[in-house]
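Each chain is listed here by its residues.
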Amino acid sequence: MLSRILYEDKDIIVAYKPAGLAVQTARLGQQDMVSELKNRREKGGNSAAVGRGEPYLGLIHRLDQPVEGILAFARTRGAAASLTGQLRAQGDEGGFCKHYYAVLCGVPDCREGRLEDYLYKQALKNGKHTDYRAVIVNPDTASAESALGEAAKARRAVLEYRILEPNKEQGLALADIRIRTGRFHQIRAQMAHAGLPLLGDLKYGSPEARALAAACGVRNVALCAYSLGFVHPVSGEKMDFRIKPENPAFSSFHLTEKSAARPTWNQ
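Residues numbered from 1 in each chain as written. Predicted model: local features only at pLDDT ≥ 70, side-chain atom pairs only at ≥ 80, totals over all residues. Heavy atoms only, no water.

**Considering unusual backbone geometry**
At step 1: Positive phi, close to 55°, is recorded for His185, a residue that is not glycine.
At step 2: In this fold, His185 is placed in the loop between strand E9 (172-179) and helix H4 (186-193). (Helix = DSSP H or I, 4+ residues; strand = E, 2+ residues; numbered from the N terminus.)

Here it is as structure tokens:
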């Protein structure tokens with residue numbers, strides 16, 4: 001398996017997804033995390049299938065293919081319903097609490113900030129495949145009745161960031177990011193729109209940021225979902241999982257136990 005199990009019981013699975021592995025894909029011959037976990041359960045004889053067929057595995061949330069981090073899955077439909085409800089309430093007390101490490105191209109003047117934008121998911125044809133990207137629009141355009149096309153579907157996206165370690169010599173900064181809403185490519189699009197694209201992000205990065213990534217030898221976007229907290233759907237226990245990034249883009253920063261502790265955010 002490319003992914004790793006961090007925790008497992010009869011109701012949930014918490015696992016690490018490496019950068020480059022898709023969470024779920026319909027492309028033939030391409031590995032994905034959902035298939036790996038299902039195959040593992042089938043081979044282990046630990047199937048919790050509903051009726052006959054393959055084991056049930058509820059996909060609660062996703063990470064972009066080039067992003068590494070922690071994901072939670074449900075092993076029963078009841079657990080899936082509970083976790084999905086917590087996901088919808090993320091940012092509120094009792095909801096999913098997700099934190100990300102990101103390496104920013106640029107060092108902002110303010111050590112912390114809040115970004116609020118409106119974005120929509122745009123479909124772009126790329127040969128036989130369809131590519132998608134997040135597009136940020138003016139909120140007046142997004143909410144206007146006269147707005148046409150995909151921009152009319154723009155939704156509010158909110159995140160907060162704190163700079164943990166600036167590196168002005170390299171023109172980089174290590175940030176802790178918490179999302180208050182779960183939108184497509186939210187962190188990557190919002191930070192790029194704010195003039196702070198993520199190192200290694202070929203889709204949203206500026207030419208200067210791409211050149212910096214090439215000079216640093218970074219191939220995957222420097223974004224890691226390092227912390228995930230939620231309430232166990234059956235026991236009610238508070239679950240909290242943390243990892244350290246494996247992407248070499250983070251190697252120049254001092255990710256000690258102190259810096260890995262989640263900041264306290266205003267609710």
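**Digging into the side chain of Asn247**
At step 1: One can find Asn247 in the loop between strand E11 (238-242) and helix H6 (257-260).
At step 2: On the accessibility criterion, Asn247 (10% relative accessible area) is buried.
At step 3: Engagement of the side chain of Asn247 in a polar contact is seen with the backbone oxygen of Asn220, the distance being 3.3 Å.
At step 4: A polar contact of 3.3 Å, which involves the side chain of Asn247, links it to the backbone oxygen of Val221.
At step 5: Once residues lying within four places of it in the same chain are set aside, the contact partners of Asn247 are Glu68, Val218, Asn220, Val221 and Ala222. (Buried < 20%, exposed > 50% of the residue type's maximum accessible area, 1.4 Å probe, protein only. Polar contact = N/O pair within 3.5 Å; in protein donor to acceptor, adjacent residues only side chain to side chain. Contact = heavy atoms within 4.5 Å.)

**What about H4?**
At step 1: Counting buried residues along H4, six of its eight residues qualify, which places the element largely inside the surrounding structure.
At step 2: Within H4, the full set of buried residues consists of Gln186, Ile187, Arg188, Ala189, Gln190 and Met191.
At step 3: Here the buried face of H4 lies against strand E5 (97-105), strand E6 (112-126), strand E7 (129-137), strand E8 (155-167), E9 and strand E10 (223-231).
At step 4: The positive-phi residue at the C-terminal boundary of H4 is Gly195, with phi of around 85°.

**Observations regarding the pairing of strand E2 (residues 12-17)**
In the case of a regular strand, side chains alternate between the two sheet surfaces.
At step 1: Most of E2 is tucked away: six of the six residues are buried.
At step 2: Residues of E2 alternate between two faces, with Ile12, Val14 and Tyr16 on one and Ile13, Ala15 and Lys17 on the opposite face, all of them buried.
At step 3: Between strand E1 (residues 4-8) and E2, which pair antiparallel in sequence order, lie three residues.
At step 4: Bridging between E2 and strand E4 (residues 68-74) involves six bridges; their strand directions are antiparallel. Along E4, the bridge assignment pairs Ala15 with Leu71. (Pairing = 2+ DSSP bridges.)

**What about the nonpolar core?**
At step 1: In this structure, Phe96, Leu199, Phe230 and Phe250 are the most contacted members of the largest nonpolar core, which totals 34 residues.
At step 2: Those elements that provide at least two residues to this core are E2, E4, helix H2 (77-88), E5, E9, helix H5 (207-216), E10 and E11.
At step 3: Leu104, Leu115, Leu159 and Ala225 belong to the second largest nonpolar core, which has 30 residues in total. (Core = buried A, V, L, I, M, F, W, Y, C linked by side-chain atoms within 4.5 Å.)

**Remarks on the pairing of E4**
At step 1: Judged by how many residues are buried, E4 sits mostly within the fold: seven of seven residues are covered.
At step 2: Pairing of strand E3 (residues 58-59) with E4 involves two bridges; the strand directions are antiparallel. Its bridge partner being in E4, Gly58 is matched across the sheet by Ala74.
At step 3: By the bridge criterion, two bridges tie E4 to E10 in an arrangement that is parallel. Pairing of Glu68 across the sheet is with Cys224, part of E10.

**Overview of the confidence of the model for the protein**
At step 1: Considering every residue of the protein, the mean pLDDT works out to 85; 82% of them sit at 70 or more.
At step 2: Low confidence marks residues 47-51, where pLDDT is under 50. Its contacts with residues over four positions away, or in another chain, come to eleven contacts.
At step 3: pLDDT under 50 marks residues 257-267. Its contacts with residues more than four places away, or in other chains, come to 34 contacts. (pLDDT = per-residue confidence, 0-100.)

**A look at the environment of Asp117**
At step 1: Take Asp117: it is sitting in strand E6.
At step 2: Of the residues examined, Asp117 reaches a relative accessible area of 14% and is grouped as buried.
At step 3: Each C-alpha atom of the pair Asp117 and Leu159 lies 9.2 Å from the other, and the pair is 42 residues apart in sequence.
At step 4: Apart from residues no more than four positions distant in its own chain, Asp117 is found in contact with Ile136, Arg155, Arg156, Ala157, Gln190 and His193.
At step 5: A distance of 2.8 Å separates the side chain of Asp117 from the side chain of Gln190, its partner in a polar contact.

**A few points about the pattern of salt bridges**
At step 1: Under the counting rule described, the total for this entry stands at 13 salt bridges.
At step 2: The closest approach of N and O atoms between Glu246 and Arg4, which form a salt bridge, is 2.9 Å. Of this pair, Glu246 sits in the loop between E11 and H6 while Arg4 sits in strand E1, placing them 242 residues apart in sequence.
At step 3: Look at Arg4 and you get partly exposed, because its relative accessible area is 39%.
At step 4: Arg156 is the salt-bridge partner of Glu116, the closest N and O atoms lying 2.8 Å from each other. Within this pair, whereas Glu116 is found in strand E6, its partner Arg156 is found in strand E8, the two being separated by 40 residues in sequence.
At step 5: Via salt bridges that share partners, Arg114, Glu116, Arg156, Glu160 and Arg180 belong to a single interconnected network. (Salt bridge = Lys/Arg side-chain N within 4 Å of Asp/Glu carboxyl O.)

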